[in-house]
Amino acid sequence: MNLDEFILGNEPVIRLGFFFGILAVMALWEILAPARPLSVSKAVRWGSNLGIVVLNTVVLRLLFPAAAVGMALFAKEQGWGIFNYVEAPYWLAVVVSVIAMDFVIYLQHVMVHAVPLFWRLHRMHHADLDFDVTTGARFHPLEIILSMLIKFATIVVLGPPIVAVIIFEVLLNATAMFNHGNVRLPLKLDRLLRWVVVTPDMHRVHHSVEDDEANSNFGFNLPWWDRLFGTYRDQPRGGHEGMRIGIRKFREPKQVSWLNGMLVLPFKGKISDYAINRRQWGDGNED
Ligand SMILES: [Zn+2]
Ligand SMILES: [Zn+2]
């Protein structure tokens, strides 16, 4: 049996195995060597953040029972998308598809920060007062639906092999849990690893309350897009222990760490000066 058949034949086991395996490793690592002390109890945050995961799983199952794999199958049957149209070596189609889908996720992430209405959804991810493995899975159900629709559109254009979709989803899930870990790698190792994957130190910068830092390091999996497109930032100004995490105006645990507060977060508050059309602009000295 080749790798392809193995992945297709054991899809649920592979998905769950990676999810619980990496969750367990990161959870243990966070207990043994946490990078920062938590400000809200782990029981509360984990209950809410993992509660959101369960809720999102149910919502996705109900709305899109066939999910992304079903869409890839449909595109194949219809002959839609680049790789169902152009003859390409199979391995190349898999590699290019995984990289292309990751690029779309990067662009999507930039977009949800830039468009004020989408930022309302995405800020639930950022409102976490702490940064740990469960933050990586904490997204508002409406943002999850938006993500799935964007993924469907990507698949229709790309026509990726089914296996590429599974590899991409498992990889993104795994790296998101890794790079939200409340852990630190030795600086030298971190620097090396940053060339192939987004590390916890790299993504922590993105969770800063400072607007310019939060608008950096949008990558979730491959670290290249931030460097290529100019959104890369090496370290937070305040250092990893001194930096403040979250959103400045949402600091109340009841609102940002309890499930009911988190779910209504998109509908709270007026448009702030975080919105792209309200920001203070310079006097034309930008390059
Ligand atoms: Zn973000
Ligand atoms: Zn994040």
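This is a predicted model, so every value here is computed, not measured.

S.K.: Explain the coordination of the zinc ion (ligand 1) here, please?
M.R.: Coordination angles at a metal have ideal targets, namely 109.5 degrees for four tetrahedral donors and 90 or 180 degrees for six octahedral donors. Around the zinc ion (ligand 1), the protein contributes the donor atoms His-109 (NE2), His-113 (NE2), His-122 (NE2), His-126 (NE2) and His-206 (NE2), at 2.1 Å from the metal centre. The sequence pattern formed by the donor residues of the zinc ion (ligand 1) is H-x3-H-x8-H-x3-H-x79-H. A separation of 5.5 Å is found between the zinc ion (ligand 1) and the zinc ion (ligand 2). Here the residue His-113 occupies a position in helix 5 (residues 90–114), and His-126 occupies one in helix 6 (residues 116–126), the gap between them amounting to 13 residues.

S.K.: Sorry if this is basic, but what is going on with the packing of aromatic side chains here?
M.R.: Here the distance between the centres and the angle between the planes together describe a pair of aromatic rings. Tallying each qualifying case throughout the model produces eleven aromatic pairs. Between the aromatic rings of Phe-103 and Phe-229, the centroid separation amounts to 5.4 Å while the plane-to-plane angle is 25 degrees, which identifies the pairing as stacked. You can see Phe-103 sitting in helix 5 and its partner Phe-229 sitting in helix 12 (residues 224–229), a full 126 residues away along the chain. When its relative accessible area of 25% is taken as the criterion, Phe-103 is described as partly exposed. Judged by centre distance (6.3 Å) and plane angle (80 degrees), the rings of Tyr-106 and Phe-218 are edge-to-face. Separated by 112 residues along the polypeptide, Tyr-106 in helix 5 and Phe-218 in the loop between helix 11 (211–214) and helix 12 bring together distant segments of the chain. Taking relative accessible area as the criterion, Tyr-106 reaches 3% and is therefore assigned buried.

What counts and what doesn't
Residues numbered from 1 in each chain as written. Chains lettered and ligands numbered in written order. Predicted model: local features only at pLDDT ≥ 70, side-chain atom pairs only at ≥ 80, totals over all residues. Heavy atoms only, no water. Donors = N, O, S within 2.8 Å, 3.2 Å for Na, K, Ca; no water. Helix = DSSP H or I, 4+ residues; strand = E, 2+ residues; numbered from the N terminus. Phe/Tyr/Trp six-rings, centres within 6.5 Å; stacked < 30°, edge-to-face > 60°. Buried < 20%, exposed > 50% of the residue type's maximum accessible area, 1.4 Å probe, protein only.

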